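# Fold and contact review
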Amino acid sequence: MEARAGRRAPQPKDDGRDLREVILAATRGLLDERRFDELSVADILAAAQVARGSFYFYFASKHEVLAELVRRAIARGHEVAQPWLTHDEPDQRRASVRHGISHGARLWREEAPVLRAIVENWRTDPELTTLWRDQMAGFTAATTERITSDDATAPGVDPAALGAALTWLGERLYYLAALDVAPFADEDTLVEVLTHIWMTSLYGESAR
């Protein structure tokens, strides 16, 4: 694999375009039509209409392009999770949990090509492996902290394990929805099922 060229060289110029953003946008567009494992750097160059040297000025590989697209998508995910992570009133729990799940489903719908790509390819590249594990660990840690502060878990259930289970379950069901797999392709069904699982697991059925 080619190493990054010209890290200390002047930034490439191409008619005033921000080439880094052009490359990211071109890759995002390609993912609307094709799987990530089908894409080559040459495909991205053709779609972005940039030179190979310009690509490698910004990115070491197509995996690094995907990593940046994922970081941007996941940053939105952390934002929508805040209501439940920061709420204080017990009577707001269900509404805030549902809010986070609903917005998570919307994020996956809007960013389906990128998020499908990371779920399907995070074990194929060391950087992607680290990235996805770290992102999921971040969601797990935030969920575990909220669980612990609520004293919500049943006796004998490890809060960290429960937080991880809920986080990875969400990842899998959102992914199935992004693939249009029934019944999770129906967003209302997906949100209601996940909300029920979270509320039952954390607070008991009486918290409905």
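Because the structure is predicted, anything quoted here is derived from the model rather than measured.

## Some points on the overall build of the protein chain
- Counting its secondary structure elements, the protein chain contains 9 helices and 0 strands.
- Secondary structure elements of the protein chain occur, N-terminal to C-terminal, as α-α-α-α-α-α-α-α-α.
- Within the protein chain, the fraction of its 208 residues that count as buried is 46%.
- Carbon and sulfur atoms make up 51% of the accessible area of the protein chain, which amounts to about 10700 Å² in all.

## Re the confidence of the model for the protein chain
- Averaged over every residue, the pLDDT of the protein chain is 87; the share at 70 or more is 82%.
- Mean pLDDT across the secondary structure elements of the protein chain bottoms out at helix α4 (residues 62-86), with 81, and peaks at helix α2 (residues 41-48), with 98.
- Every residue in residues 1-8 scores below 50 in pLDDT, and together they form 17 contacts with partners more than four places removed in sequence or on other chains.

## Side note on unusual backbone geometry
- A182 connects to P183 through a cis peptide bond whose omega is 0°.
- With respect to the helices and strands, the residue P183 is situated in the loop between α8 (159-178) and α9 (187-203).
- At D180, a residue that is not glycine, the phi angle is positive and equals roughly 65°.
- Among the secondary structure elements, D180 is positioned in the loop between α8 and α9.
- Given a relative accessible area of 61%, D180 falls into the exposed group.

## Quick word on the packing of helix α5 (residues 93-110) against α9
- Across the interface, α5 lies against α9 with an axial gap of 9 Å and an inter-helix angle of 140°. As summarised for this structure, α5 and α9 are arranged oblique, according to the angle between their axes. As for how α5 packs across α9, the hand of that crossing is right-handed. Counting all contacts with α5, which are made through R93, R94, V97, R98, I101, S102, A105, R106 and R109, the residues of α9 involved are E187, L190, V191, E192, L194, T195, W198, M199 and Y203.
- Its residues assigned to classes, the contact of α5 with α9 comprises 9 nonpolar, 2 polar and 7 charged.

## Focus: the environment of A95
- Relative to the helices and strands, A95 resides in helix α5.
- Since its relative accessible area comes to 54%, A95 is described here as exposed.

## Notes on the pattern of salt bridges
- The tally for this structure, following the rule as stated, stands at 14 salt bridges.
- We note a salt bridge from R28 to D32, for which the minimum N-O separation is 2.6 Å.
- Overall, R28 belongs to the buried group, its relative accessible area being 19%.
- Among the salt bridges present, the one from R71 reaches E127, with a minimum N-O distance of 3.3 Å. You can see R71 sitting in helix α4 and its partner E127 sitting in helix α7 (residues 126-150), a full 56 residues away along the chain.
- Bridged by salt links that share partners, the residues R20, E21, E68, R71, R72 and E127 form one connected network.

## Things to note about the packing of aromatic side chains
- Inspection of every chain in the model, using the stated rule, returns 5 aromatic pairs.
- Between F55 and Y56, the ring centres sit 5.1 Å apart and the planes meet at 80°, which makes this aromatic pair edge-to-face. Side by side, F55 and Y56 carry an identical accessibility label, which is buried.
- Measuring from ring centre to ring centre gives 6.1 Å for W122 and W168, while their planes differ by 35°; the resulting arrangement is tilted. Pair noted here: W122 is in the loop between α6 (112-121) and α7 and W168 is in helix α8, with a separation of 46 residues, a long-range link.
- Using a relative accessible area of 14% as the deciding quantity, one classes W122 as buried.
- Taking relative accessible area as the criterion, W168 reaches 32% and is therefore assigned partly exposed.
- Linked through ring pairs, F55, Y56 and F59 together constitute an aromatic cluster.
- Cation over ring: R123 sits above W122, and NZ or CZ is 5.5 Å from the ring centre.

Conventions adopted
- Residues numbered from 1 in each chain as written.
- Predicted model: local features only at pLDDT ≥ 70, side-chain atom pairs only at ≥ 80, totals over all residues.
- Heavy atoms only, no water.
- Helix = DSSP H or I, 4+ residues; strand = E, 2+ residues; numbered from the N terminus.
- Buried < 20%, exposed > 50% of the residue type's maximum accessible area, 1.4 Å probe, protein only.
- Areas by Shrake-Rupley, 256 points an atom, 1.4 Å probe, with all protein chains shown as cover.
- pLDDT = per-residue confidence, 0-100.
- Contact = heavy atoms within 4.5 Å.
- Axes fitted to C-alpha atoms, helices over the stretch in contact; angles between N-to-C directions.
- Parallel < 35°, antiparallel > 145°, perpendicular 65-115°, else oblique.
- Left-handed = near helix turned anticlockwise from the far one by under 90°.
- Nonpolar A, V, L, I, M, F, W, Y, C, P; charged D, E, K, R; others polar.
- Salt bridge = Lys/Arg side-chain N within 4 Å of Asp/Glu carboxyl O.
- Phe/Tyr/Trp six-rings, centres within 6.5 Å; stacked < 30°, edge-to-face > 60°.
- Lys NZ or Arg CZ within 6 Å of the ring centre and 35° of its normal.

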